[in-house]
Amino acid sequence: MSAGPVGLGFDLESLDNGSAYTRLRDLLTGLGGTAKFEGVGVALLIDEAQALPGAHLDILFRAVNTLDEYPIIMIMGALPDIMKVFVWGQRSSPHLFFSDLDPLTPEETRSAFTRS
């Protein structure tokens, strides 16, 4: 995670005892509370999400889905087969919206990197 010039990493390896979910939820609750107090929002941008194991994605979705009172959004980029990685069930799916995007055309790519 990063905010401006500051970055933060955390380990989700300890899935067995449930502490990964608690630590992630506490971190996101703290960020959300600060953002709400400051009148701003938090955007969690996750690229290459297909590289995460399904159990880690499930923890991430569980944690984010409990933060309705905070101004937090999560946007993930992944290869099209990401839908096969999700651990589907009551916890992962309530707020999931999937959009399959085509690659940018050469003109769209130039436009994204040049000033109008």
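What counts, and at which threshold
Residues numbered from 1 in each chain as written. Predicted model: local features only at pLDDT ≥ 70, side-chain atom pairs only at ≥ 80, totals over all residues. Heavy atoms only, no water. Core = buried A, V, L, I, M, F, W, Y, C linked by side-chain atoms within 4.5 Å. Buried < 20%, exposed > 50% of the residue type's maximum accessible area, 1.4 Å probe, protein only. Helix = DSSP H or I, 4+ residues; strand = E, 2+ residues; numbered from the N terminus. Contact = heavy atoms within 4.5 Å. Phe/Tyr/Trp six-rings, centres within 6.5 Å; stacked < 30°, edge-to-face > 60°. Lys NZ or Arg CZ within 6 Å of the ring centre and 35° of its normal. Expected span 1.5 Å × (residues − 1). Arc of directions from axis to C-beta.

1. Here's the deal with the nonpolar core
Here is step 1: Judged by nonpolar contacts, the single largest core of 20 residues is most densely connected at Leu-24, Leu-28, Leu-44, Leu-60, Val-64, Ile-72 and Met-74.
Here is step 2: Taken together, the elements giving at least two residues each to this core come down to α1 (19-38), β3 (42-46), α2 (54-64) and β4 (72-76).
Here is step 3: Take this core: its biggest share by element is six residues, from α2.
Here is step 4: Not counting the four nearest positions on each side in its chain, Met-74 is found in contact with Leu-44, Ile-46, Leu-60, Phe-61 and Val-64.

2. Regarding the packing of aromatic side chains
Here is step 1: Inspection of every chain in the model, using the stated rule, returns zero aromatic pairs.
Here is step 2: Sitting over the ring of Tyr-21, Arg-62 keeps its end group 4.2 Å from the ring centre.

3. Looking at α1
Here is step 1: With 20 residues, α1 should cover 28 Å at 1.5 Å per step; its first-to-last C-alpha distance of 28 Å lies within 8% of that length.
Here is step 2: Of all the positions in α1, only Ala-20, Tyr-21, Leu-24, Leu-28, Gly-32 and Ala-35 are classed as buried. Summarising the axial view, the buried residues of α1 lie within an arc of 90°, below the 170-degree limit, and thus occupy one face.
Here is step 3: Of the residues one or two after α1, Gly-39 is the one with positive phi, at around 75°.

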